[in-house]
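Architecture and fold: a report
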Amino acid sequence: MGHREYLGEAAQLATESVENGWGGPFGAVITHDDEVIARGQNRVLLTADPTAHGEVEAIRKAIQYLNPDAPTVSEGHQNEYTLELVPRPEGSPDILPERARMLQGCSIYTSGAPCPMCMSAIYWARIDAVYFSCDWKATEEIGFSDDFQYEDFQRPPDQRSISIQQMYPELGDQAYQAWRDKPNHHPY
């Protein structure tokens, strides 16, 4: 399969989401070594979860596929790490020399250009490439626009549309200190 087939599958998943009333026309396919390893559809209306975008759903499934031995968080497994550490890619601005692999080596195909949340998830997942069918203008024309978020992110925190303020840093620092003190913390 190639780009056209992967984008076609993402578009089919998006169409199914609309036809079933699950959410907007957004589907995603994640590939690894030219094989589809995960699929996702927008299910915001189905689940009432505003994070249930096609890309996020596909990322969650891809992690499960590539990391099938991940333990459930239970008494006997809560301190196990299952994500392999890999060196920082050459030229990366990363501040650490290595991190968990996540979805390096994967590509994501989407029916529409990813929104800011999905693009952030793609960055955090360390996906190598993003391919999309419909652009931001086409997405805006059907009633979905993320322009206000991009504009708001550029404002200082005290001028954003959502109230953002730091309070009691000493409370959060307790958890930060636990991370700093943990000799075998696993950077991700």
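Keep in mind it's a predicted model, so treat the numbers as computed, not measured.

Side note on the packing of aromatic side chains
One pass over the structure, following the stated rule, counts four aromatic pairs. For the pair Tyr-6 and Tyr-109, a centre-to-centre distance of 4.9 Å together with 50 degrees between the ring planes defines the contact as tilted. One end of the pair, Tyr-6, is in helix 1 (residues 3–19); the other, Tyr-109, is in strand 5 (residues 106–112), and 103 residues separate them in sequence. A relative accessible area of 4% means that Tyr-109 is categorised as buried. Where Phe-26 meets Phe-144, the ring centres are 5.0 Å apart and the plane angle is 85 degrees; that geometry is what we call edge-to-face. In this pair, Phe-26 is assigned in the loop between helix 1 and strand 1 (27–32) and Phe-144 in the loop between helix 5 (136–141) and helix 6 (147–153), connecting sequence segments 118 residues apart. Among the aromatic side chains, those forming a connected cluster through ring pairs are Tyr-6, Tyr-109 and Tyr-131. One residue, Arg-43, lies across the ring of Trp-22, its end atom 4.5 Å from the ring centre.

As for the sheet that holds strand 2 (residues 35–41)
Strand order in the open sheet made by the four strands is 2-1-5-6, with mixed pairing throughout. If you trace the sheet from one side to the other, it starts and ends with strand 2 and strand 6 (129–134), each paired once. In this sheet, neighbouring strand axes are inclined to one another by 20 degrees on average, regardless of whether the strands run parallel or antiparallel. Pairing geometry for strand 1 and strand 2, over six bridges, is antiparallel. Counterpart to Ile-30 in the pairing with strand 2 is Ala-38. In the packing of helix 1 onto the sheet, the strands contacted are strand 1, strand 2, strand 5 and strand 6, and the crossing angle to strand 1 comes to about 145 degrees. Here helix 3 (residues 54–66) sits on the sheet and contacts strand 1, strand 2 and strand 5; the angle it forms with strand 2, its principal contact strand, is near 140 degrees.

Cut-offs and rules
Residues numbered from 1 in each chain as written. Predicted model: local features only at pLDDT ≥ 70, side-chain atom pairs only at ≥ 80, totals over all residues. Heavy atoms only, no water. Phe/Tyr/Trp six-rings, centres within 6.5 Å; stacked < 30°, edge-to-face > 60°. Helix = DSSP H or I, 4+ residues; strand = E, 2+ residues; numbered from the N terminus. Buried < 20%, exposed > 50% of the residue type's maximum accessible area, 1.4 Å probe, protein only. Lys NZ or Arg CZ within 6 Å of the ring centre and 35° of its normal. Pairing = 2+ DSSP bridges. Axes fitted to C-alpha atoms, helices over the stretch in contact; angles between N-to-C directions. Contact = heavy atoms within 4.5 Å.

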